[in-house]
Amino acid sequence: MILVALIAVPLLFGLIGWAFGSRRPLVSRWLALAGNIINLFLAALLWLVYFGLPSSMQMQPAATPWLSLVKWPWIQSLGISFSLGLDGLSLIMVALTAFLGIMSVLASWTGIRERVGFFHLNLSLVLAGVNGVFLALDLFLFAFFWELMLVPMYFLIDIWGHENRHRAAVKFFLFTQIGGLLMLVAIIGLAVVHGMASGSLSFDYRDLLGTTLSPVMGMLLMLGFFAAFAVKLPMFPLHTWLPDAHTEAPTAGSVILAGLLLKTGGYGFIRFVIPLFPAASREFAPIAIALALAGILYGGFMAFGQSDMKRLVAYTSVSHLGFVLLGIYTFNSIALSGAVLQMVSHGISTGALFILVGFLQDRIHTRDLNRMGGLWRQAPRMGAAAMVLAMALVGLPGLVNFVSEFLVMLGTYRVSVVVAVLAGVGLVIAMVYALRMIQLAFHGSPKEKWVFHDLSALETGVLYVMIALLVVLGLFPQPILRVVDQVVAGVLATVGGGA
Amino acid sequence: MIMQDILVLLPMLVVAAVSLLVLLAAAFARRHGLAAGMTLVGFIVALASLGLAWTAAPREVAGLLSFDRFVIFGMGLVLAASVFVTASSWAYLRGHDEARGEYYFLLLLASLGSMVLTAASAFATFFLGLELLSVSLYTLIAWRRERGAGAEAGIKYLVLAGATSAFLLFGMALLYAASGSMEISRIALGSAGGKGAADGILAVVGLGMILVAIGFKLAVVPFHLWTPDIYDGSPAPVAGYIATISKGAVAVLLVRLFIPLGADSFVAPGGTGSAFPWVFTIIAGLSMFIGNLLALRENNVKRILAYSSIAHLGYLLVAFVAGGTLAVRAVSFYLVAYFATTLSAFAVIAALSTPEKEADMIDDYVGLASRSPWLAGVFTASLLSLAGLPLTAGFVGKFIILSAGAGAQLWTLIIILAVNGTISIFYYLKIVSAMYRGREGSAAAVDLAPRQPFLTGIALAILTLIVVALGVYPSPMLSLIGLFTGQ
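Residues numbered from 1 in each chain as written. Chains lettered and ligands numbered in written order. Predicted model: local features only at pLDDT ≥ 70, side-chain atom pairs only at ≥ 80, totals over all residues.

## Details of the overall build of chain B
Looking only at helices and strands, chain B features 19 helices and two strands. The 487 residues of chain B split such that 61% are buried. Put simply, 79% of the contacts in chain B that link residues at least 6 apart link residues at least 24 apart. (Helix = DSSP H or I, 4+ residues; strand = E, 2+ residues; numbered from the N terminus. Buried ≥ 20, exposed ≤ 12 C-beta atoms within 10 Å, placed from the backbone. Contact = placed C-beta atoms within 7 Å.)

## Here we look at the overall build of chain A
When you go through chain A residue by residue, the secondary structure sums to 20 helices and two strands. Counting only C-alpha atoms, chain A reaches 70 × 55 × 50 Å along its principal axes. The buried share of chain A, taken over its 499 residues, is 61%. Long-range pairs, those at least 24 residues apart, make up 80% of the contacts in chain A between residues at least 6 apart in sequence.

## Overview of the interface of chain A and chain B
Each partner contributes to the interface: chain A provides 29 residues, whereas chain B provides 26 residues. At the level of elements, strand S1 (68-75), helix H5 (139-148), helix H6 (150-160) and helix H7 (165-198) of chain A are the ones that each hand at least two residues to the side of chain A that touches chain B. For the side of chain A that touches chain B, the per-class residue count stands at 21 nonpolar, six polar and two charged. (Nonpolar A, V, L, I, M, F, W, Y, C, P; charged D, E, K, R; others polar.)

## Description of the nonpolar core
With 394 residues, the main nonpolar core has Leu356(A), Val318(B), Ala319(B), Val331(B) and Tyr334(B) as its most contacted residues. Sorting elements by how many residues they give to this core places helix H13 (residues 325-352) of chain B first, with 22 residues. Setting aside residues up to four positions removed in sequence, Leu356(A) forms contacts with Met382(A), Ala385(A), Ala386(A), Leu389(A) and Leu463(A). (Core = buried A, V, L, I, M, F, W, Y, C linked by C-beta atoms within 7 Å.)

## A short note on unusual backbone geometry
Residue and element names in this part refer to chain A. Looking along the chain, the bond that leaves Leu 233 and enters Pro 234 is cis, with omega of -5°. If you check the backbone angles, Phe 331 has positive phi at about 50° while not being a glycine. The exposure class assigned to Phe 331 is buried, which follows from the 21 C-beta atoms found within 10 Å.

## Here we look at the pairing of S1(A)
Residues and elements named next belong to chain A. Sheet topology places S1 next to strand S2 (residues 80-86); seven bridges connect them, and they run antiparallel. Bridging from a neighbouring strand, Trp 72 pairs with Phe 82 of S2. Hairpin geometry of S1 and S2 is characterised by an intervening segment of four residues between the two adjacent antiparallel strands and by a positive phi of about 70° at Gly 79. (Pairing = 2+ DSSP bridges.)

## Quick look at H13(B)
With 28 residues, H13(B) extends 41 Å between its outermost C-alpha atoms, agreeing within 8% with the 40 Å of an ideal straight helix rising 1.5 Å per residue. Among the 28 residues in H13(B), 28 count as buried, and that is most of the element. (Expected span 1.5 Å × (residues − 1).)

## Here's the deal with the environment of Ala408(B)
With respect to the helices and strands, the residue Ala408(B) is situated in the loop between helix H16 (393-407) and helix H17 (411-435). Considering only alpha carbons, one finds Ala408(B) and Ser111(B), 297 residues apart in sequence, at a separation of 34 Å.

## A closer look at helix H10 (residues 236-258) of chain B
Here H10(B) contains 23 residues, and its C-alpha end-to-end distance of 33 Å stays within 8% of the 33 Å for a straight helix at 1.5 Å per residue. In terms of burial, H10(B) is largely enclosed, as 23 of its 23 residues are buried.

## Describing the confidence of the model for chain B
This prediction gives chain B a mean pLDDT of 86; 90% of its residues lie at or above 70. Low confidence marks residues 191-198 of chain B, where pLDDT is under 50. Its contacts with residues over four positions away, or in another chain, come to 20 contacts. (pLDDT = per-residue confidence, 0-100.)

## Notes on the environment of Leu341(A)
Residue and element names in this part refer to chain A. Within the fold, Leu 341 resides in helix H14 (residues 333-364). A residue is classified by how many C-beta atoms lie within 10 Å of it, and Leu 341, with 26 of them, is buried. Residues Leu 341 and Leu 473, spaced 132 residues apart in sequence, show a C-alpha to C-alpha distance of 9.7 Å.

## A look at the packing of helix H11 (residues 251-276) of chain A against helix H13 (residues 309-329) of chain A
All names here are of chain A. Taken N-terminus to C-terminus, the directions of H11 and H13 make an angle of 20°; their axes are 10 Å apart at the nearest point. As the angle between them shows, H11 and H13 are arranged roughly parallel. For the crossing formed where H11 meets H13, the hand is right-handed. Of the residues in H13, those in contact with Ala 258, Leu 262, Gly 266, Phe 269 and Ile 270 of H11 are Ser 317, Leu 321, Val 324 and Ile 328. In terms of residue class, the contact of H11 with H13 is built from seven nonpolar, two polar and no charged. (Axes fitted to C-alpha atoms, helices over the stretch in contact; angles between N-to-C directions. Parallel < 35°, antiparallel > 145°, perpendicular 65-115°, else oblique. Left-handed = near helix turned anticlockwise from the far one by under 90°.)

## Considering the packing of H13(A) against helix H18 (residues 417-442) of chain A
Residue and element names in this part refer to chain A. Two numbers describe how H13 lies on H18: the axes approach to 11 Å, and their chain directions differ by 160°. With respect to their mutual orientation, H13 and H18 come out roughly antiparallel. For the pair H13 and H18, the sense of crossing is left-handed. The residues of H18 that touch H13, namely those facing Met 309, Leu 312, Thr 316, Ser 319, Phe 323 and Leu 326, are Ala 423, Gly 426, Ala 430, Tyr 433, Met 437 and Ala 441. Residues that form the contact of H13 with H18 fall into these classes: nine nonpolar, three polar and no charged.

As C-alpha cells, this is what we get:
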C-alpha cells in the first residue's frame, strides 16, 4: 500500500492544490510541498524497515529481491495487472524523487507567479509518473507511466519556459515519444513471444524474465527498449533534445528533467534491458561503451563552448550521464555501483546547479556568461554555492560525485584500460568547463553594472541543504552503496558479469 | 417467426418511424427543441430496443439483412454516436435561422442507412444502406448554404459519392456475373479464391471496384482526397458524423466480410481470409503516413482532424490485416475509443462555433484554457486520446492494435504505426499548446466562447468520462466487446 501511496499522494495533493490555485496560490505551493515531504517520509520509512539504521552493518539476505509488492487485477483479458514492486534500486530513486520534488517546489516559490495551481498540478503529476516508472513491475504499466510523465513535463516547458519554449517542448516530446513507442512495440513483442511459448499472455516483469529468445529477436526487442532509454538518458547521438529542453524549461522543470527524467533512462537499462536481454546486451556492449565515451567527451567539449549558462549545465549532463551508461555496460559490479551512485549524485548536484542558474536569471534576466563577471562581490553566498557545485561537476574528493565517478573508472579500468583513460580525459575537460563557468560569471571585473540581492534565506537553505547532502554522501557513501550492492549483484547474476 | 423478425428489426423500425414523425412534426410546428428532442428520444429508444433484438439474434431476415451479435454491436455504436451528434447539433443550430426539423430528419435517415449497412447480407441492402447514408449526407454537408465552403463541400461529396456508387454497382454486377449470386458473403469467398464461388478476372475486377467504394467511405489513401474539404465545409456536428458513424458502419461491414469470428486465441494463424492482405497492408501504411504528414502543415483544426481521421483508419486497418479474434476485439475497441474521442473533439468545435463564425482555425483556440477551462480540458483530453497518450482511450486502443499486429507478426506495419504515432504528436500538441498560451500577440478578432447549454455540457462530460474511463480501466469494455464478438 505504501507503494500506491507514493504515486497517489503527489497526484492527490496536486489536484487539491489545483482547485485552490486560482484564488490561493500559496495553498497549492504548500500542498505540493507537503505531498513531497510525505513521500520522502514514506521512502525513509521503507528504508528503515528494510535496510535498518545506516549504522547497523549487517543485513539479512532476502529470499526475493522484491521488498514490497502490490498486485491488483487490471486488464485481465490481456494479462495486464496493476503491479508495483520495490527493491533497493527503486527505493533509492524514489527517495531521490521526493527530495528533488521538495527542492523544485521550494525553488519555484517566488519564481513562478502565473497559473500557480496548474503549475504545481503538473509538477506533482510528473513526480507521480516518475515514481510510477520506478515502481512498475508490469511492463504495460511501465509504458503507461513512461508516457504519462511526458504530458505534464511538456506543459511545464511549454507554458512556464523561456524564450524558445514551444519549439523545445515539442522537440522534447517527439524525441521521447518515438523512443517510448518503439519500447511499447518491443514490450508487446516480448509478451507475444513469451505468450506463444508459455500459452498465456502476460506482461508481468517476473514472468517475462528468462524468456528464451532467438538471437535476432532478442537483439531487435532489446533495441526497442534501448531506443527509449537511450533517448531519455540521453546517449550521445540521441541527446539533441536535451540542451533545448533543459535551457528553455523553468527552473523546477530543469531540475526534474536533469535530476529525475534522465535517471529513468538509467533505471530502465538496469531494470529492464540487461536482465531481460542478457545475451543481446553483452553483444551490444562494445557499441554502447563507445557511444558512452563519445557522450562523455562530446558533452564536455560542447559545455566548454557554451555562453548560455543553463545550456552549459545541460551539456555537462550529457557528459555525466555518459559515465552512467559506461558503468552499466562494463558489466562490472564496481562500475555498476558507481553508475547507480552517479545517478544520485548527478541528480542532486546538477539539480542544485539549475536552481542556482534559475536564481541568477530571476535577478539579472540573462543567462549569457559574457554579460556576467564579478558577480561574487555582489552575491558572495551565491558565488560560494556555485563554486562548490562547480567542484561537484569536476568530481572533487569529498563530494559524492567523486565517489561515483571514481567507482565507474575503477570498474572500467579492470575491463579495459583504454576506455578508462579516455573517460578520464572527460574529467579533465570537466575541470576546464567548470572553472571557465565560475571565472566568467563570478570572477573578473563586472561587464555590466548589475545590482541585485544575494540569496534570500529560503534560497540559501535550498542550495546549502543540497550541497550538504553532496558532502555527507561523499564522506559516508556506505549507506547507499550497501543498498546498491545488493541490486548490482542481482543484475549481474543475470548477465554473468565478473566482480 | 414473424415476431422474431420484428424483434431484430425493431431498432431500425424505431429510427424509421421517428424520422417520419419528425418530418410530420416539422410541417406543423417548426420548433427546434421539439425536433431535436424527438430525435434524441428516438435514438435512445432505438438503442434500448437493441436489448430486444439481442434476444432474437442471431437471425437472418429475408435473405437481405443478417443480425448476429457483432451487427448488434455495430448498431449500438451507430445509435450511441447518433445520440451525441444530435445533442451537439442542437447546440450548434440554436443560433441559425434555417429550417431545422429537416436537419434531424436527415440525421435519422443517415443513421438508418448506417444501420442497414452494418447488417447488410445482400448486395441490395449493401447498396441501399450506402445510398441512404450518402444522400442524407449530401444535404447535411451543405446545410449552411450561406457559407460558400458548405455548398462547395456538398457538391464535391455528391460528385465523388455518386461516382463511388457507380463503382460499387458495377463491381456488384461483375461479381454477380462471375458467381451468379447476390449474397454479400461472395465478396469474401471471391477474394479467398474459393472454388466455384467466383472465377477469373471478372471476380477480381468486381472485388476491386467494391473495395474502391469501401475505401472511399473509409477515406483511406488513395481515396482520401475529399476528406479535408468536406470536413472543412460541413457544420461541425456533421463533420463529426462523417468522421465516426459513416466510417464506423463501413468498418463493421468490412470486419463482417473478411474476418470470420472464431476460436479465442491471441495469435492469429494466418491473417485475414482475404487473398489481398497486401492490398490492405499498403492502404494502411499509406493512410498512416499521408494522413499524418499532410496534417503537419495545416492550421485549420477541422482539416487537421480530417487528416488525423485518415491516419486513424490506417491504424484500424493494421488490426484488420492481422485478422483473428483478437483483431475483431481490437477493431471493436478502437472504434469505440475513436468514436468517443472524435465525437468529443467535434462537439467542442460545435460548441465554440457561433452562427457568424465557425471555430476552425488554431488561432481561435489561443487562450481557451483561461476563457473556458472546462472546454479546454475536454478538448485536451480528446486530442491527447487521438495522440494515443496514457489515461485516455487512445492509448489502450493503440496498445490493443499493436498487440493484434504483433500476434500476427506484422512487424513492418507495427513500426510504421509507432513512427506515425510520433509524427501525429506534433500537430495535436500544436492545438493543445495554443489553448494554454496567453492571449497576447494573437490575431484572432473575436473571443469564441458562447454560453453552453446544459445539454452540451452533459454530452461533453459523458464523452470525456468515456474517453478517460476506457483509458484507465478498459476491462469492462473489453468484456462487453468479448460478449459481442465471441462465439
